[in-house]
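Here's the letter readout for the chains.
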Amino acid sequence: MADIWHCCCTGDIPSISVLSLIYSGSATSNLFTFYTSVPAFWRPLMEKWVGHPERDQEKMTADSPITYLENMTRPMLIIQGANDPRVVKEESDQIVDQLKDLGRDIDYLVMEDEGHGFSKQENKVMAFTAIFSFFEKHRLSAAAGALE
């Protein structure tokens, strides 16, 4: 995951696309809001995993992808399950809202009847259709730019 964030944040991927499918619960945007979004009985584990919001503020800020959004300039597609109990929709909403405020090209697809991962066949088809359309759109856009 860190490599993907590095590529997105630094722009070190001028001629390739990155596809990240997150099933591990690690696709949080803001460790502070992630910490508060989990059930209370998860907090001891969260403190070991990401830190404590007061004691580890500097580390959690440095480790939160939302800290580096200004560096994310590439088009992005985010697909989120609205009922995801591990990476709640608000985590993706933060990224989408702030990147749109920065004028970035963001496509956001929310699967209203899914959680963490997609179990329904029609949603899998919708997700992969969105992914292929996104790549096609940006591949053609990049090719057109190369011709100029």
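The rules behind these values
Residues numbered from 1 in each chain as written. Predicted model: local features only at pLDDT ≥ 70, side-chain atom pairs only at ≥ 80, totals over all residues. Heavy atoms only, no water. Helix = DSSP H or I, 4+ residues; strand = E, 2+ residues; numbered from the N terminus. Buried < 20%, exposed > 50% of the residue type's maximum accessible area, 1.4 Å probe, protein only. Lys, Arg positive; Asp, Glu negative; His and termini not counted. Salt bridge = Lys/Arg side-chain N within 4 Å of Asp/Glu carboxyl O. Polar contact = N/O pair within 3.5 Å; in protein donor to acceptor, adjacent residues only side chain to side chain. Contact = heavy atoms within 4.5 Å. Pairing = 2+ DSSP bridges. Right-handed = clockwise from strand over helix to strand, strands pointing away. Expected span 1.5 Å × (residues − 1).

Re the side chain of Glu114
Part 1 of the reasoning: Inspection of the secondary structure assignment puts Glu114 in the loop between strand E2 (106-111) and helix H6 (121-147).
Part 2 of the reasoning: No salt bridge is formed by the buried Glu114, whose closest oppositely charged neighbour, Lys120, lies at an N-O distance of 4.4 Å.
Part 3 of the reasoning: Engagement of the side chain of Glu114 in a polar contact is seen with the backbone nitrogen of Lys120, the distance being 2.9 Å.
Part 4 of the reasoning: Polar side-chain contacts of Glu114 include one of 2.9 Å to the side chain of Asn123.
Part 5 of the reasoning: Dropping the residues within four chain positions of it, Glu114 is found in contact with Gly81, Ala82, Asn83, Asp84, Ser119, Lys120 and Asn123.

Section: the pairing of strand E1 (residues 76-81)
The side chains of a regular strand alternate, residue by residue, between the two faces of the sheet.
Part 1 of the reasoning: As paired elements, E1 and E2 share six bridges and run parallel to each other. Of the residues in E2, the one forming a bridge with Leu77 is Asp107.
Part 2 of the reasoning: Remark: the E1/helix H5 (residues 89-101)/E2 crossover connection has right-handed handedness.

Notes on the pattern of salt bridges
Side-chain pairing between opposite charges can occur once the charged atoms of the two side chains come close.
Part 1 of the reasoning: In the structure shown here, the tally under the stated rule is five salt bridges.
Part 2 of the reasoning: Salt-bridge contacts for Lys59 lead to Asp63; the nearest nitrogen and oxygen are separated by 2.8 Å. You can see Lys59 and its partner Asp63 sitting in helix H4 (residues 57-63), four residues apart, about one turn around the helix.
Part 3 of the reasoning: Residue classification places Lys59 among the partly exposed positions, given a relative accessible area of 42%.
Part 4 of the reasoning: Taking the relative accessible area as the measure of exposure, Asp63 reaches 41% and is therefore partly exposed.
Part 5 of the reasoning: Between Lys89 and Asp93 there is a salt bridge, with its nearest N and O atoms 3.0 Å apart.

Focus on H5
Part 1 of the reasoning: Counted at 1.5 Å a residue, the expected span for H5 with its 13 residues is 18 Å, and the 18 Å between its end C-alpha atoms agrees.
Part 2 of the reasoning: Listing the buried residues of H5 in full gives Glu91, Ser92, Asp93, Gln94, Ile95, Val96 and Leu99.
Part 3 of the reasoning: Backbone geometry just downstream of H5 places Gly103 in the positive-phi region, at approximately 80 degrees.

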